[in-house]
Amino acid sequence: MNTIPTIEKDSLEQIKNFQEQKLAELLSYISQNSPFYKRLFAGQNIDISKVKTLEDLQHLPVTTKEDLQQYNDDFVCVPQHKIIDYASTSGTLGDPVTFGLTDSDLDRLAYNEAISFACAGIAEGDVVQLMTTIDRKFMAGLAYFLGLRKLQVGVIRVGAGIPELQWDSILKYKPSYLITVPSFLLKLIEYAEAHGIDYNNSSIKGAICIGESLRNQDFSMNTLSKKITEKWNIQLFSTYASTEMSTAFTECEHGIGGHHHPELIIIEVLDEENNPVKNGEIGELTFTTLGIEAMPLLRFKTGDIVQLHNEPCACGRNTVRVGPVVGRKKQMIKYKGTTLYPPAMNDVLSDFDNIENHIIEISTNDLGTDEILIKIAAKNQTPEFLQEIKDHFRAKLRVTPKIEFAPKEILNPLVFNPMSRKPIRFFDYRKTTV
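Looking at an unreviewed UniProt entry, the chain carries the name Phenylacetate--CoA ligase, with the source organism given as Flavobacterium pectinovorum.

Q: Looking at this model, I keep getting lost on the environment of isoleucine 179. Mind explaining?
A: Structurally, isoleucine 179 is set in strand β5 (residues 177–180). Sequence separation between isoleucine 179 and glycine 141 is 38 residues, and the spatial gap between their C-alpha atoms is 9.4 Å. With sequence-adjacent residues up to four places away left out, isoleucine 179 is seen in contact with Phe117, Val128, Gln129, Leu130, Met131, Thr132, Tyr144, Leu148 and Ile208.

Q: Which parts of the structure should I look at to understand the sheet that holds strand β19 (residues 402–405)?
A: Hydrogen bonds between backbone groups are what pair the strands of a sheet, and the pairing can be parallel or antiparallel. Taken in spatial order, the four strands line up as β19-β18-β17-β20 in an open sheet, and their pairing is mixed. Two strands bound the open sheet, and with one partner strand each, they are β19 and β20 (426–428). Between one strand axis and the next, the sheet turns by 20 degrees as a mean value, whatever way the strands run. Here strand β18 (residues 370–378) runs beside β19; their pairing, made up of four bridges, is parallel. Counterpart to isoleucine 374 in the pairing with β19 is isoleucine 403. Along the sheet, helix α10 (residues 383–397) contacts β17 (355–364), β18 and β19; its crossing angle with β19, the most-contacted strand, is approximately 150 degrees. Together, β17, β18 and β20 form the strand contacts of helix α11 (residues 408–415), whose direction differs from that of β17 by roughly 70 degrees.

Q: Whenever I open this one, the side chain of threonine 286 confuses me. Can you help?
A: Here threonine 286 shows up in strand β11 (residues 282–289). Under the relative-accessibility criterion, threonine 286 is labelled buried at 0%. From its side chain, threonine 286 meets the backbone oxygen of glutamate 284 in a polar contact 3.2 Å long. Ignoring sequence-local partners within four residues, the contact set of threonine 286 consists of Ile266, Ile267, Glu268, Leu270, Arg299, Phe300 and Lys301.

Q: What am I meant to see in the packing of helix α1 (residues 12–33) against helix α2 (residues 35–43) here?
A: To describe two helices that pack against each other, one gives the angle between their axes and the distance between the axes. Contact geometry of α1 with α2 gives a least axis separation of 6 Å together with a crossing angle of 95 degrees. As summarised for this structure, α1 and α2 are arranged roughly perpendicular, according to the angle between their axes. In this structure, α1 contributes Leu27, Ile30, Ser31, Gln32 and Asn33 to the contact, and α2 contributes Pro35, Tyr37, Lys38 and Phe41.

Analysis parameters
- Residues numbered from 1 in each chain as written.
- Predicted model: local features only at pLDDT ≥ 70, side-chain atom pairs only at ≥ 80, totals over all residues.
- Heavy atoms only, no water.
- Helix = DSSP H or I, 4+ residues; strand = E, 2+ residues; numbered from the N terminus.
- Contact = heavy atoms within 4.5 Å.
- Pairing = 2+ DSSP bridges.
- Axes fitted to C-alpha atoms, helices over the stretch in contact; angles between N-to-C directions.
- Buried < 20%, exposed > 50% of the residue type's maximum accessible area, 1.4 Å probe, protein only.
- Polar contact = N/O pair within 3.5 Å; in protein donor to acceptor, adjacent residues only side chain to side chain.
- Parallel < 35°, antiparallel > 145°, perpendicular 65-115°, else oblique.

The following block contains the structure:
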């Protein structure tokens, strides 16, 4: 297969024309087949024939996670017997949202991951160790497997956790890449050092990292990725995706944002009033899917705050790139006059080798404002170390949240929940979400 689709090297005008043609096809399809969008268009007297350009998208309503939760079945455009795979994602109101995929949708999912992995340099002949779960209705692990298979790459499905099992597999099968949560790479390094494994002479060349950020907003390495690469000489690639979009944005070797695949998705970045932000500003990533049969989505608001980058990339792709996620809109915290997102706090805590695990709890205090409590499992639980952490917060983020020690036996089951493929470190107990 062509690992860089022709359209990704086309001019911006050609890409736009292509997407506008695909948008017309999508609008026609959902107006005929989606109970939710049929009802929405009729209720708001929307004439889809007037939507000719990408700019015209602004005249259409957005779709929210609450819509998806409340009317889940009404988004399905095909009879049930056409659905081959059932995936689910956590919903904002508690119950998971189900996504059905047809045979065609699974082919699209495989194509998406194949061209995304190709961005990171994975090619036929490589062997990849898949260190994420492929069961429990998670779309990601299945998507990775299908994409690697399409690239004709060998896959070792080890699953998550257990450093000993991961190293046994690495030493036996000699994979060239890992697909993993990046913080787990530190556990692999720790295990290797304790058991005399020469990890810098292993077969591993790189890791495709999911679930946690690797970079600061200027694309410099953050604390977590520095800690990994200072010890292990491998290349780290960030990938960003969600079940709702069935599409990935993966970095190429230049590491300056996840490349957009224009055949698969239209993206916008919107402000609080659902208007496009100015070039270079941050806003909420909003997407319209292309080529999805079972559950296509129109102007779906992800809740992720990002910045788009459109300077040319040396890899030859002309597509826009999505920068590191600043934070989730619903996780924004107003604390003592400062706006904070959990990734920034995670990064501050990553500076301390003594910290073994942590969680961030947000609640509403008696004044009705946000309160932050960070619970830390540490090897060195002294008042001096606690003060050192607080001083570091003040230096980096200008504020100091409440911090207390907690046993790792309490924190580990919360962070590494078997029902989640990513570590969970943020717990929001606020009476009203922002």
